[in-house]
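The lines below spell out each chain.
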Amino acid sequence: FDCHDPFWVPDGTRIFYISRAREKEGIWSVGAAGGTPELVMEDATNAAISPDGKTLAFFREEGAERGGGWKSFWLSSPPGAEPRKYARLPPDVRFSDAAVHFSPDGSKIGIWGAIANTETEGPRAFWIIPVPDGDPYIALSNLPPTWPSFSWLPDNRHIVMTILQP
């Protein structure tokens, strides 16, 4: 199967990526020099690992009971451990086309994606989730409809994002 969205573990020894794992996507890893891929997490997509390598953040589809195709936010610590759904977001917030990254110092997680409070896709927003505790909040709202892509700047306060212009 094809793979996409690769990212390095912080110590540079492995590469994580997304590819098919049974009936859904999953997070895989392979040694930096190659070798046999290992399944890290089934039913997971759009992932990031914390700078200390101790937490894996990802999205998981909610299924038909929540509108199908919408994603909820999950954490696994250590990576590969039983995941837990992040419970501090409002219960009606789900995402589509979401991207997630930890800030360089690991003090926050950024999520950029379309928010779905109903059966249809809602506005795009950039959420900040303080780590390890704190209330998540929307830092940027009403972003243009484009594929979410961003990176944190080294100051842990600002991001660079791509915006497609028509």
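Here we summarise the structure given alongside this text. Each chain has its residues counted from 1, running along the sequence as written. Given that this is a predicted model, residues contribute local features only at a pLDDT of at least 70 and side-chain atom pairs are listed and counted only at 80 or more, while totals for whole chains, interfaces and linings are drawn from all residues. Each side-chain value is worked out from all heavy atoms of the structure, with water and hydrogens disregarded.

### A look at the sheet that holds strand β3 (residues 24-31)
Piece 1. Here a strand pair is declared whenever DSSP counts at least two bridges between the two strands. Strands are runs of DSSP state E lasting at least 2 residues, helices are runs of H or I lasting at least 4, and numbering of each runs from the N terminus. Strand order in the open sheet formed by 4 strands is β1-β2-β3-β4, with antiparallel pairing between adjacent strands. The open sheet has two free edges, formed respectively by β1 (3-8) and β4 (38-42), since each of these has just one partner strand. On average, adjacent strands in this sheet sit at an angle of 30° to one another, irrespective of strand direction.
Piece 2. Summarising the sheet, β3 and β4 pair through 4 bridges and their orientation is antiparallel. Residue pairing across strands places Trp28 opposite Leu39, the latter belonging to β4. An axis is simply a line fitted to the C-alpha atoms; with a helix, the fit covers only the stretch in contact. Between two such axes, the angle follows the N-to-C directions and lies from 0 to 180 degrees.

### With respect to unusual backbone geometry
Piece 1. For the peptide bond that leads from Ser77 to Pro78, omega is -5°, which places it in the cis range.
Piece 2. Following the sequence through the fold, Pro78 ends up in the loop between β7 (71-76) and β8 (84-85).
Piece 3. That bond from Val131 to Pro132 is cis: its omega, 5°, falls within 30 degrees of zero.
Piece 4. With respect to the helices and strands, Pro132 occurs in the loop between β11 (124-130) and β12 (137-143).
Piece 5. Backbone geometry at Arg22 places phi at a positive 65°, although glycine is not the residue there.
Piece 6. Residue placement: Arg22 occurs in the loop between β2 (14-21) and β3.
Piece 7. On the accessibility criterion, Arg22 (64% relative accessible area) is exposed.
Piece 8. In the Ramachandran plot, Asn142 falls in the positive-phi region, its phi being about 55° despite a non-glycine side chain. A 1.4 Å probe rolled over the protein chains alone gives each residue an accessible area, and that area as a share of the maximum for its type sets the label: buried under 20%, exposed over 50%, partly exposed in between.

### Overview of the pairing of β1
Piece 1. Pairing of β1 with β2, which is carried by 4 bridges, proceeds in the antiparallel orientation. Following the sheet pairing, Phe7 is matched in β2 by Phe16.
Piece 2. The turn joining β1 and β2, which pair antiparallel and follow one another in sequence, is formed by 5 residues; a positive phi near 75° is taken by Gly12.

### Things to note about the nonpolar core
Piece 1. Only buried residues count toward a nonpolar core, which is a set of Ala, Val, Leu, Ile, Met, Phe, Trp, Tyr and Cys residues joined through side-chain atoms within 4.5 Å. The biggest cluster of nonpolar side chains holds 18 residues, and the ones touching the most others in it are Phe59, Phe73, Phe95, Val100, Ile109, Ile111 and Trp127.
Piece 2. Of all elements in the fold, only β6 (56-61), β7, β9 (94-102), β10 (108-116) and β11 reach the threshold of two or more residues within this core.
Piece 3. The biggest single contributor to this core is β9, with 4 residues.
Piece 4. If you look at the next biggest cluster of nonpolar residues, it comprises 13 residues, including Val40, Ala47, Ile49 and Phe58.

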